[in-house]
Every structure is written in C-alpha cells, then in structure tokens.
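Breakdown of the fold
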Amino acid sequence: MNALTVHFVGAARHESFMIGRYLELSRRMPGLQRLHLVLVGPSMPKRLCNVNVPVRDPRESGASTHRCEATCDFVALPYEEYRHSPAMPPDLVFAQHSGCEDEKHYNGGWRPA
C-alpha cells in the first residue's frame, strides 16, 4: 500500500492540535508515500476548516525531510453528511466522540452516523 486515507469521525478542535502526531502511521508503514487525513465532525470550528493542509513532523524544523507526503482536511459536518460527499473514500476510519457523552444531543437530537 503506497497511499492511505484515514477519516477521524467526530473530530473537534482538540484533534486539530499537533496533527503531525498522526505521521506515526506512516512510520509504521515503510512503503507509504501518501497519507491523507480527514478530521470531520460537527464540533470542528469552521475557522479551522480547510483542505489539503500539509502535515509536518513536529520534531522537524525547516524543510521537511519526511519521506511520506501527508495532508489533512478539516471538515465541520456530521459524518453522515460528509460520507456522501465526493471526497476520497477512507481506507481506515477512527470513530471518536460518538456524542453520547454530550447529554443535550444524546437525549433526543443525537443521530448515530
């Protein structure tokens, strides 16, 4: 496998911090040349939303020497809406923040993806 697309479902502001940590996936897959991360969730702040943001190794300074090209999309939508978009289909999906801990959504308005 030389390319991997990973969706982080239920992502919020905190998951956008230090996205370089997700490069660990490429370190465990030596043949990986392209890693595309999608952080998607209704709690993602709209001001952070953007596509194809380069992901840098937090341990590097200056020009990147990492062998794998990594990019990230930040999307402020519920996954049940995003998954029908023409985006790259995922190879792997991480589910987090299901919503059940958020009582105002769980008691009536919460919809499982």
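Quick look at the structure, then. Owing to the predicted nature of the structure, the values given are computational and were not obtained by experimental measurement.

Going through the model one piece at a time under the given rule, you end up with three salt bridges. For glutamate 24, the salt bridge goes to arginine 28, with nearest N and O atoms at 3.0 Å. On the basis of relative accessible area, glutamate 24 is assigned to the partly exposed category, the value being 32%. The exposure class assigned to arginine 28 is exposed, which follows from its relative accessible area of 67%. What you see here is one network of salt bridges that share partners, running through Glu24, Arg27 and Arg28.

The next point concerns the packing of aromatic side chains. Taken as a whole and assessed by the stated rule, the structure comprises three aromatic pairs. On the basis of an interplanar angle of 40 degrees and a centroid distance of 4.6 Å, the ring pair of phenylalanine 8 and tyrosine 22 is categorised as tilted. Here tyrosine 22 lies in the loop between α1 (13-16) and α2 (24-27) and phenylalanine 8 lies in strand β1 (residues 3-9), a separation of 14 residues in the sequence. Taken individually, phenylalanine 8 and tyrosine 22 each receive the classification buried, so the pair is uniform in this respect. With a centroid separation of 6.3 Å and 40 degrees between ring planes, the pair formed by tyrosine 79 and tyrosine 82 is classed as tilted. Taken together, the residues tyrosine 79 and tyrosine 82, both in helix α3 (residues 79-82) and three residues apart, mark about one turn of the helix. Comparing tyrosine 79 with tyrosine 82 shows no difference in burial state: the two are buried.

This part takes up unusual backbone geometry. Although it is not a glycine, asparagine 52 adopts a positive phi angle of roughly 55 degrees. Since its relative accessible area comes to 47%, asparagine 52 is described here as partly exposed.

Another aspect to go through is the sheet that holds strand β3 (residues 50-54). Read across the open sheet, the five strands follow the order β3-β4-β2-β1-β5; overall the sheet is mixed. Each edge of the open sheet carries a strand with a single partner, namely β3 and β5 (92-95). Each strand of the sheet is rotated relative to its neighbour by a mean of 20 degrees, with strand direction disregarded. In this structure, strand β2 (residues 34-40) lies alongside strand β4 (residues 69-75), joined through seven bridges in parallel fashion.

Let us now look at the nonpolar core. Among the nonpolar cores identified, the biggest contains 18 residues, and Phe8, Ile19, Leu35, Leu37, Leu39, Val55 and Cys72 are the most heavily contacted of them. Those elements that provide at least two residues to this core are β1, β2 and β4. Ignoring anything within four residues of it in the chain, the contact list for leucine 39 reads Phe8, Ala11, Glu15, Ser16, Ile19, Met44, Cys72, Asp73, Phe74 and Val75. In terms of nonpolar packing, the next biggest core, distinct from the first, is built from six residues, Val38, Val75, Tyr79 and Tyr82 among them.

A few words on the side chain of aspartate 73. Structurally, aspartate 73 can be placed in strand β4. It turns out aspartate 73 is buried and unbridged, and the closest side chain with the opposite charge, arginine 34, is 7.0 Å from it.

Rules used throughout
Residues numbered from 1 in each chain as written. Predicted model: local features only at pLDDT ≥ 70, side-chain atom pairs only at ≥ 80, totals over all residues. Heavy atoms only, no water. Salt bridge = Lys/Arg side-chain N within 4 Å of Asp/Glu carboxyl O. Buried < 20%, exposed > 50% of the residue type's maximum accessible area, 1.4 Å probe, protein only. Phe/Tyr/Trp six-rings, centres within 6.5 Å; stacked < 30°, edge-to-face > 60°. Helix = DSSP H or I, 4+ residues; strand = E, 2+ residues; numbered from the N terminus. Pairing = 2+ DSSP bridges. Axes fitted to C-alpha atoms, helices over the stretch in contact; angles between N-to-C directions. Core = buried A, V, L, I, M, F, W, Y, C linked by side-chain atoms within 4.5 Å. Contact = heavy atoms within 4.5 Å. Lys, Arg positive; Asp, Glu negative; His and termini not counted.

Any functional reading would require information that these geometric values do not contain.
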